[in-house]
Amino acid sequence: MIGVELAKLFRRPRTYVIAALLCALPLTVAIFLATTRIPPPPGQGGAFLSAVLSNGALYPAAAMALVLPVFLPVSVAVLAGDAVAGEASAGTLRYLLIRPVSRSRLLVAKLISLVAFVLFAIVSVLVTSYLTGILLFGVSTSSAGVALPPDVTSLSGVTISPAGLALRLLGTVAYIVISMLGVAAIALFLSTVTDSSLGAAMGALAVLVTSQVLVTLDAAAAIRPYLPTRYWLAWVDFFRDPVLWRDIERGAGIQLVYLAVLLGAAWANFLTKDVAN
Amino acid sequence: MIITHDLTKRYGRTVAVDSVELEVREGDRYGLLGPNGSGKTTLVRMLLGLVFATRGEIEVLGRPVPKRIQEVLPSIGALVEGPGAYPHLSGRVNLTLFDAAGAGGRRKDRRQRVSDALERVGLAGIDRRPVRNYSLGMRQRLGLAGALLRQPQLLILDEPTNGLDPRGIREIRDLLDELNREGTTVFLSSHLLAEIDAFCTRVGVMDRGRLVLQEDLSSLRAPTGRVTVGSPTPERVVALLDGRVEHRDGEVLTVRHDDPGALNAELVAAGVTVTAIATERRTLEQVVLDATTTSSDRVEAAG
Amino acid sequence: MDIGRTVVTAQGLRRWAVVLGLVLVLAAVPVVVNVWPVRAAGVDPADLRSRIAASGIQAHQGYAQSAGLLGLPALPNLTQVTALVSGTTEMRTWYAAPDRWRVDVLGEGTEHGLYQTPEAQFTWDFGDNQLTRIEGAQPVRLPRAADLTPPALARQVLSAAAGDSLTPLDAKRVAGVEAAGMRLTPAGTDTTVAHVDIWADPEHGLPLQVEVTARGGARPVFVTRFLEIRFGAPDAGVLTPPAPRPGIGYSVAEAPDALSALNRGQPAPLPATLAGLPRRDAVAGVSAAGVYGAGLASFVVLALPGRSGGRAFRQITTYGLEVPVPDGNEAAVIETGLLNVLAVRNRNRTFLVAGLVGPDLLRRVATGLAGVTG
């Protein structure tokens, strides 16, 4: 069933369109930065953006910071919202269920295909933005005449080796996948509640926007640590030296809690839901 | 094969299926007849574990549904309320995905299975066109191919000939006939009386959620105790039979009589020319009209 | 009828009950952790105080957070200072010895590091991509984030408030440590501080949480606490500042000696007493600045030279309230409930007063400064 879901994901042109859109945003920003050479003031306009002009190899991290707050969660919400509701309204859900595919396995397969999508999208963005950064912001040439990635400075001012950078980017990818699991779980649950993909996606986005607003609100400080978007940017801590694990651990923990609860709710709802439309 | 007891489905205050006692026997060609909205589709969905009953019991292939639905479904092929396929993929890929989704069915034979199923429904020559470009009839055939992928013991088909032209309907009927002769039990639902009349041996009639009639078609079509006689000289027949003629319509007469053979002999002996003679049987239409009360899509003013 | 053969309502309810149970268990975890009783670590306040004073050698590393509700307006050129007392500051600290430590102030996608080594101080600013080496001592400087870690603030408060009364507080779990608490209540009425609550690790004496409550306030207006703490010496590599190299800016600065700069402007001398309080010189040989009062009720007075003084005065009057003073002079005060700032314009001289002192005292100070002649 998982193979079937993956085949469905990667045979669908939509998947590639979304990934291309995700890659296009950092590319556009890079072109503007490279042509004008006007860096945003430090602490504004996205993490790492002020640093990439002197440090092209850091551009994948800056690209992550660009797509993570809005673009990536929106696409995950749209796909996850469509996961069950879309099959229901296209009439294919009933044929899967009488094949038979057990309802729990269907939910798990959907979730795994969403993880595959997030991985695919992030890796596409990382690769394109790495190439963009090297091409537009600079390459250092080693004595052997081979183009090597320039040294990257961590947030703490210490040089990160290429191997260290690769490890940290790997950590970033893993963390973002986990962060997006929470979004996927919200949209997937709503997708089992309604037969409208759009409704499910909108519902998930409404939750995320509310959470984003509350995160910045001091009056809501008491519930802030439990908000799904509170630790979204914690992957930035991979680029501190030493790595600051506190928020990363908490962020991952919160996402797993949301995942467990919402997937549980989706399971409870979907297993005895009437498939009729 | 299918037994339900007191099966009821309520959506809020609407009762979609009301205390249905369905019985489909092995080898049956069962036709579930009823107008749109009479609860046929909900009943079919309940049999397949897609919709859950409010009350009652279902047993399919000897196992309770939906408790052991996973054991039952591999032996069932079904078409529920129109075919469903991924519109951006070709028919062959759609079938391959559906085949891979379910347990069982070895991966090695998958291509062969898909080809066989496509051939059976008359889609052997389909190309790589996506399903979105298919006609309604082609989609219907594709859905049927999906139902046949695993050589089912029981076929549950909801409006299987929807969107097909008369030749297509005939082809599908021949296919079902062949499958039934090979031992497959066929349960089909339709709002088209002629379709059921032409294919089924057993019929159930649904009216506003209730199964108002369930009988072998042969016993429904019992002789009415009348014989229809065709003669170029009908006034001579009337004179001869004296009061036993119940109805006259041109050269066709309806005569109260049990045995057309004896009647024929009597008429011929009297020198009357007989052009046609047959036992009168009840038509399915008449049976359905007697069993149902009012058309479900009629909206009467509140009394 | 065998339940669940056909009608699945009960199964649905059972599944929802499982999910609900999961939610309840997960929601209960933080609540239980919060209300889990703390074993009383009864330590005598005087004892605790001496342990805190001696904890300067205790190596530790942790994650601290300070939060101020002072609502001080973002004064130009002082935004870094006002942000410290008006907002939340997240810090990572590594501490090996009084002359070997590092404090990083974390921001979203940015970082300011401060390294203390026996030789010099280094600051690193990721946003500016700038490493600075600061040589020489800084006898007087503006407050910075490193002053607001619980150990630094607690020691500062306790060293200032020698004679104030100490009462024990209930123990409290801070960053997983069951910390002994005490309350310091200032003796005088001049200060705006109602009390300062300090919780420290009873074993090492390291302060873990400090809460400052203003007079008339029910909740503390400034809290600094460790969210994570680990005792033991940090890795030497962590305490080594980044090496200067191509690609990052590097500069060497003498300790920015603001006070000598003030002194060079030859401002008006400060009176020997203000509002009846004698002057204690902040730094020997600097006449432009003075500290008056004792304990938490002490305040700093700066005499600013002509033009820059005028600018500072205008800033204060923009946000502050006017204070009536004699001799045709002007004065204005910004009150935050805890930290109050006063500016007095005496002819072409400007005096700046700041401290945790009440408005009554400041009014008397204003009158005193307005009366300075010569």
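Residues numbered from 1 in each chain as written. Chains lettered and ligands numbered in written order. Predicted model: local features only at pLDDT ≥ 70, side-chain atom pairs only at ≥ 80, totals over all residues. Heavy atoms only, no water.

### Regarding the interface of chain C and chain B
Right, on to step 1. Residue-level contacts link seven residues of chain C with 13 residues of chain B.
Right, on to step 2. When chain C packs against chain B, close to 800 Å² is buried across both sides, 55% of that on carbon and sulfur atoms.
Right, on to step 3. Taken together, the connections running from chain C to chain B amount to zero residue pairs in polar contact (both at pLDDT 80 or more).
Right, on to step 4. Here the side of chain C that touches chain B is built from residues that sort into three nonpolar, two polar and two charged. (Contact = heavy atoms within 4.5 Å. Buried area = accessible area lost by both parts, 1.4 Å probe. Polar contact = N/O pair within 3.5 Å; in protein donor to acceptor, adjacent residues only side chain to side chain. Nonpolar A, V, L, I, M, F, W, Y, C, P; charged D, E, K, R; others polar.)

### A short note on the packing of helix α4 (residues 71-90) of chain A against helix α8 (residues 197-215) of chain A
Residues and elements named next belong to chain A.
Right, on to step 1. Two elements in contact, α4 and α8, have axes separated by 7 Å at closest approach and are oriented at 140°. Taken together, the axes of α4 and α8 lie oblique to each other. Both α4 and α8 take part in a crossing whose hand is right-handed. Residues P73, V74, A77, V78, G81, D82, A85 and G86 of α4 form the contact with α8, whose own contacting residues are S197, A200, A201, A204, L205 and L208.
Right, on to step 2. A class-by-class count of the residues in the contact of α4 with α8 yields ten nonpolar, three polar and one charged. (Axes fitted to C-alpha atoms, helices over the stretch in contact; angles between N-to-C directions. Helix = DSSP H or I, 4+ residues; strand = E, 2+ residues; numbered from the N terminus. Parallel < 35°, antiparallel > 145°, perpendicular 65-115°, else oblique. Left-handed = near helix turned anticlockwise from the far one by under 90°.)

### Considerations on the pairing of strand β8 (residues 154-158) of chain B
Residue and element names in this part refer to chain B.
Right, on to step 1. With five of its five residues buried, β8 lies for the most part within the structure.
Right, on to step 2. Going residue by residue along β8, you find L154, I156 and D158 tucked away on one face and L155 and L157 tucked away on the opposite face as well.
Right, on to step 3. Pairing analysis gives four bridges linking strand β7 (residues 76-79) to β8, with the strands arranged parallel. Among the inter-strand pairings, G77 is bridged to a residue of β8, identified as L155.
Right, on to step 4. In this view, the connection linking β8 to its parallel neighbour strand β9 (residues 185-190) by way of helix α6 (residues 166-181) has right-handed handedness. (Buried < 20%, exposed > 50% of the residue type's maximum accessible area, 1.4 Å probe, protein only. Pairing = 2+ DSSP bridges. Right-handed = clockwise from strand over helix to strand, strands pointing away.)

### Topic: the pattern of salt bridges
All names here are of chain B.
Right, on to step 1. By the definition in use, this model includes 45 salt bridges over all chains.
Right, on to step 2. In this structure, the salt-bridge partner of D6 is R55, at a minimum N-O distance of 3.2 Å. Linking D6 in strand β1 (residues 2-11) with R55 in strand β5 (residues 55-60), this pair joins segments that are 49 residues apart in sequence.
Right, on to step 3. Exposure remark for D6: the relative accessible area of 23% places this residue in the partly exposed category. (Salt bridge = Lys/Arg side-chain N within 4 Å of Asp/Glu carboxyl O.)

### A closer look at the sheet that holds strand β15 (residues 276-281) of chain B
Residue and element names in this part refer to chain B.
Right, on to step 1. One open sheet accounts for four strands, arranged β13-β14-β12-β15; its pairing is antiparallel. Of all strands in the sheet, those bounded by a partner on one side alone are β13 (245-249) and β15. Going across the sheet, the axis of each strand differs from the next one's by a mean of 20°, ignoring polarity.
Right, on to step 2. Pairing between strand β12 (residues 223-230) and strand β14 (residues 252-256): five bridges, direction antiparallel. Looking across to β14, one finds that V229 is bridged to L253.
Right, on to step 3. Contacts from helix α9 (residues 234-241) reach β13 and β14, with the element oriented near 175° to β13.

### Describing the side chain of A:T132
Residue and element names in this part refer to chain A.
Right, on to step 1. Turning to its location among the elements, T132 is positioned in helix α6 (residues 103-137).
Right, on to step 2. Residue T132 is classed as buried on the basis of its relative accessible area of 8%.
Right, on to step 3. Among the polar contacts listed, one links the side chain of T132 to the backbone oxygen of T128, at a separation of 2.5 Å.
Right, on to step 4. Ignoring any residue separated from it by four or fewer positions in sequence, one finds T132 in contact with L27, A30, Y59 and F137.

### Digging into the domain arrangement of chain C
Residue and element names in this part refer to chain C.
Right, on to step 1. Entries for chain C in the domain assignment read domain 1 (45-254) and domain 2 (258-370).
Right, on to step 2. Spacing between the C-alpha centres of domain 1 and domain 2 amounts to 26 Å.
Right, on to step 3. Facing 23 residues of domain 1, the contacting portion of domain 2 comprises 18 residues.
Right, on to step 4. In this structure, the connection of domain 1 to domain 2 is made through one salt bridge.
Right, on to step 5. Our count for the domain 1 to domain 2 interface comes out at four residue pairs in polar contact (both at pLDDT 80 or more).
Right, on to step 6. Every element with two or more residues in the side of domain 1 that touches domain 2 is listed here: α4 (150-160), β9 (193-200) and β10 (207-214).
Right, on to step 7. Class assignment for the residues of the side of domain 1 that touches domain 2 results in 18 nonpolar, three polar and two charged. (Domains from an automatic or database assignment.)

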